[in-house]
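Survey of secondary and tertiary structure
Here is how the chains run, residue by residue.
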Amino acid sequence: MSLAFLLTTLVVVATPGTGVVYTLAAGLSRGRRASVVAAFACTLGIVPHVLATVTGLAALLNASAAAFQILKYAGVAYLLYMAWATVRDRDAIAVDEEAAPGSAGRVIVRGVLINILNPKLTIFFFAFLPQFVDPGEPGALPRMLWLSGVFMLTTFVVFAGYGILAASVRSHVTSRPGVMAWLRRGFAGSFLALGAKLALTAK
């Protein structure tokens, strides 16, 4: 595993995107445990993209404009839903010292969906991994899986770090209704902007 791979992975993961926004919201609303759960969920959402890349489905997605567009707009629709739900639901970012049963499950489902419905991840893996793995070399598949695992571990650590940082300041933020209202709008705007960015991106 090269230093170039580690640095590229860190830059890609640390760049704020839908997963970071979602993990920050979870940390502010429910604390450290929820932020770690959200980070795990977003990381889990990477697995289908890794499997698609390893099994060659990414090649089909990359070749088929229709398949890419379908998955892309499904992701856009989900991000728009997240923006709408964040503005509409006052509990979306609110202090919740005693999370209701099943709330962790909802955090996981939303986090997984955020990354599953992101076709750019599959394209990223399809374009990214071959730079560090020679498909013709012996043991190429295990190496690809190993590098994918490193990428996922980095994602979890960085996202959890973002979430825990947000959770550490929640008591100073969530006790102020005005600040909470602007936070809801800010996160909703972020989901909206990310959805628009995804809609405008080409394959």
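Here, residues in each chain are numbered from 1, in the same order as that chain's written sequence. Given that this is a predicted model, residues contribute local features only at a pLDDT of at least 70 and side-chain atom pairs are listed and counted only at 80 or more, while totals for whole chains, interfaces and linings are drawn from all residues. As a convention, hydrogens and water are excluded, and side-chain values are obtained from all of the structure's heavy atoms.

Notes on the overall build of the protein
Numbering of helices and strands starts at the N terminus; helices are DSSP runs of H or I of at least 4 residues and strands are runs of E of at least 2. From N to C terminus, the protein includes eleven helices and zero strands. Counting from the amino terminus, the protein carries its helices and strands in the arrangement α-α-α-α-α-α-α-α-α-α-α. When a residue's accessible area, from a 1.4 Å probe over protein chains only, is under 20% of the maximum for its type it is buried; when over 50% it is exposed; and in between it is partly exposed. In the protein, which comprises 203 residues, the share counted as buried stands at 44%. A contact between two residues is defined here by any heavy atoms of the two lying within 4.5 Å. Long-range pairs, those at least 24 residues apart, make up 85% of the contacts in the protein between residues at least 6 apart in sequence. Here the open area of atoms and residues is found with the Shrake-Rupley method and a 1.4 Å probe, where only the protein chains shown may cover a residue. With an accessible surface of roughly 10,300 Å², the protein has 70% of that area assigned to carbon and sulfur atoms.

Side note on the nonpolar core
Note that soluble globular proteins tend to have their nonpolar side chains buried in a common cluster. Counting residues in each nonpolar core, the largest one holds 34 residues, and the members touching the most others are Phe 5, Tyr 22, Ile 46, Phe 125, Leu 129, Phe 159 and Phe 191. Elements supplying a minimum of two residues to this core: helix H1 (3-14), helix H2 (18-30), helix H3 (32-44), helix H6 (65-88), helix H7 (103-116), helix H8 (119-128), helix H9 (140-168) and helix H11 (177-200). No other element matches H9, which puts nine residues into this core. Here, nonpolar core means buried Ala, Val, Leu, Ile, Met, Phe, Trp, Tyr and Cys residues that are tied together by side-chain atoms lying within 4.5 Å of each other.

Quick word on a nonpolar patch on the surface
Judged by side-chain polarity, Leu 3, Leu 6 and Leu 7 come together as a nonpolar surface patch covering roughly 290 Å² of accessible area. Among the structural elements, Leu 3 can be located in helix H1. Taking the relative accessible area as the measure of exposure, Leu 3 reaches 59% and is therefore exposed. Residues enter a patch when their relative accessible area is above 30% and they make no salt bridge; the linking distance is 9 Å between like charges and 5 Å between nonpolar side chains (Val, Leu, Ile, Met, Phe, Trp, Tyr). Salt bridges are counted wherever a side-chain nitrogen of Lys or Arg sits within 4 Å of a carboxyl oxygen of Asp or Glu.

A closer look at the side chain of Ser 29
Looking at the element boundaries, Ser 29 is found in helix H2. Note on Ser 29: relative accessible area 5%, which makes it buried. Throughout this description, a polar contact denotes any pair of N or O atoms lying within 3.5 Å of each other; where both atoms belong to protein, one of them has to be capable of donating a hydrogen while the other can accept it, and for residues adjacent in sequence the pair is counted only when both atoms sit in side chains. A distance of 3.3 Å separates a polar atom in the side chain of Ser 29 from the backbone oxygen of Ala 26.

Comments concerning the environment of Tyr 162
One can find Tyr 162 in helix H9. Note: C-alpha distance between Tyr 162 and Val 36 (126 residues apart in sequence) is 9.4 Å. In this structure, Tyr 162 is in contact with Ala 14, Val 20 and Leu 24, ignoring residues within four places of it in sequence.

Quick word on the confidence of the model for the protein
Reading predicted coordinates in detail is not appropriate for stretches of low pLDDT. pLDDT runs from 0 to 100 and stands for how confident the predictor is about each residue. With 70% of its residues at a pLDDT of at least 70, the protein reaches an overall mean of 76. For the stretch residues 92-102, pLDDT sits under 50, and the model shows 22 contacts to residues farther than four places along the chain or on other chains.

A short note on the packing of H3 against H9
Packing of H3 against H9 leaves a shortest axis separation of 8 Å and a crossing angle of 155 degrees. Here H9 runs roughly antiparallel to H3, going by the angle between their axes. Considering how the two elements wind past one another, H3 and H9 form a crossing that is right-handed. Seen from H3, the contacting residues are Arg 32, Ser 35, Val 36, Ala 39, Phe 40, Cys 42 and Thr 43; seen from H9, they are Met 152, Thr 155, Phe 156, Phe 159, Ala 160, Gly 163, Ile 164, Ala 167 and Ser 168. The axes are straight lines fitted to the C-alpha atoms, using for helices just the contacting stretch, and the angles between their N-to-C directions are given from 0 to 180°. Working definition: roughly parallel below 35 degrees, roughly antiparallel above 145 degrees, roughly perpendicular at 65 to 115 degrees, and oblique for all remaining angles. By the definition used in this description, the sense in which the near helix is turned from the far one sets the handedness, with an anticlockwise turn below a right angle giving left-handed and a clockwise turn giving right-handed.

Some details on the side chain of Thr 43
As for its position among the elements, Thr 43 is in helix H3. Each residue touching Thr 43, except ones within four places of it in the same chain, is listed here: Met 152, Thr 155 and Phe 156.

Side note on the environment of Tyr 81
Its location among the elements puts Tyr 81 in helix H6. Distance in space between the C-alpha atoms of Tyr 81 and Leu 192 is 8.9 Å, their sequence separation being 111 residues.

Considerations on the packing of H2 against H3
For the pair H2 and H3, interaxial distance at closest approach is 7 Å and the crossing angle is 160 degrees. Between H2 and H3, the crossing angle belongs to the class labelled roughly antiparallel. Read as a crossing pair, H2 and H3 show a hand that is right-handed. Listed contacts from H3 to Gly 19, Tyr 22, Thr 23, Ala 26, Gly 27 and Arg 30 of H2 are Arg 32, Ala 34, Ser 35, Ala 38, Ala 39 and Cys 42. Polarity classes work like this: nonpolar for Ala, Val, Leu, Ile, Met, Phe, Trp, Tyr, Cys and Pro, charged for Asp, Glu, Lys and Arg, and polar for all others, with Gly in that last group. Across the contact of H2 with H3, the residue classes tally to six nonpolar, four polar and two charged.

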